[in-house]
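What follows is each chain in one-letter form.
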Amino acid sequence: DPTPFDPECLFCKIVTGDVPATIVHESETTVAFRDLNPQAPTHVLVIPRSHFANAADLAVGEPATAADLFDAAREIAVQEGIDGPDAGYRMVFNTGPAAHQTVFHAHLHVLGGRSMTWPPG
Ligand code: 5GP
Ligand code: ZN
């Protein structure tokens with residue numbers, strides 16, 4: 001079963017190492033790196049190694065990897081010290097233009113290190 005790869009995709013190039021990124025976590029199916037324009041003291045993007053345009057497509061195409069994103073996020077939260085009884089973090093999938101999705105390779109935002117506002121706006 002071939003790994004979907006889009007040679008035009010920025011995050012596929014981060015997976016292959018052709019575009020540099022500050023990698024903070026890796027698994028067989030996922031890669032996580034610091035967001036270039038962080039919106040919180042910790043702002044990490046967790047992505048599948050395989051190319052899917054958004055989280056919904058990933059859930060259909062590689063459901064086990066969708067779960068792996070959450071497992072990676074949990075490990076990253078511990079690693080970054082943003083988990084715990086007085087802390088916590090937010091996980092976000094922006095999907096589509098109204099949600100301001102700008103990169104069309106599924107990515108889970110993991111944000112922490114500050115108090116989050118709700119509703120997010
Ligand atoms: P979206 O708006 O699609 O949910 O999130 C895309 C995220 O990717 C944004 O938070 C943006 O700052 C981040 N981003 C865009 N280009 C790059 C890049 O080349 N490197 C890294 N590390 N992050 C990027
Ligand atoms: Zn891609």
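Since this is a predicted model, take the numbers as computed values, not measurements.

> Explanation requested: the pairing of strand 2 (residues 30–34) in the structure shown.
Taking burial as the measure, the five residues of strand 2 include four buried ones, the bulk of the element. Linking strand 1 (residues 23–26) back to strand 2 in an antiparallel pair, the connection comprises three residues. Strand direction decides the pairing type here: strand 2 and strand 3 (residues 42–48), joined by five bridges, are antiparallel. Within the sheet, the bridge partner assigned to Arg34 lies in strand 3 and is Val44.

> Please explain the environment of Val92 as it appears in this structure.
Along the chain, Val92 turns up in strand 4 (residues 89–92). On the neighbour-count criterion, Val92 (14 C-beta atoms within 10 Å) is partly exposed. When the C-alpha positions of Val92 and Leu45 are compared, they lie 9.6 Å apart, and in sequence the two are 47 residues distant.

> Hey, could you run me through the site of ligand 1 in this one?
Near ligand 1, the surroundings consist of 13 residues, among which Leu36, Asn37, Asn94, Thr102 and Val103 are the closest. Counted by class, the shell around ligand 1 contains six nonpolar, five polar and two charged residues.

Conventions adopted
- Position numbers for residues start from 1 in each chain and track the written sequence from start to end.
- Chains carry letters from A onward and ligands carry numbers from 1 onward, assigned in written order.
- Local features in a predicted model are, by the rule used here, given only for residues with pLDDT of at least 70; side-chain atom pairs are given and counted only at 80 or more, and totals for whole chains, interfaces and linings are based on all residues.
- Counting other C-beta atoms within 10 Å of its own, a residue is labelled buried from 20 upward, exposed at 12 or fewer, and partly exposed in the gap between, with every C-beta atom placed from the backbone.
- Strands here mean DSSP runs of E at least two residues long; helices mean DSSP runs of H or I at least four residues long; both are numbered from the N terminus.
- Criterion used throughout: strands pair if DSSP finds at least two bridges between them.
- Using the backbone to place each C-beta atom, any residue with that atom within 6 Å of a molecule or strand is considered near it.
- Three classes are used, and their members are as follows: Ala, Val, Leu, Ile, Met, Phe, Trp, Tyr, Cys and Pro are nonpolar, Asp, Glu, Lys and Arg are charged, and the others, Gly among them, are polar.

Note that every value here comes from positions in space, so none of it alone points to a role or purpose.
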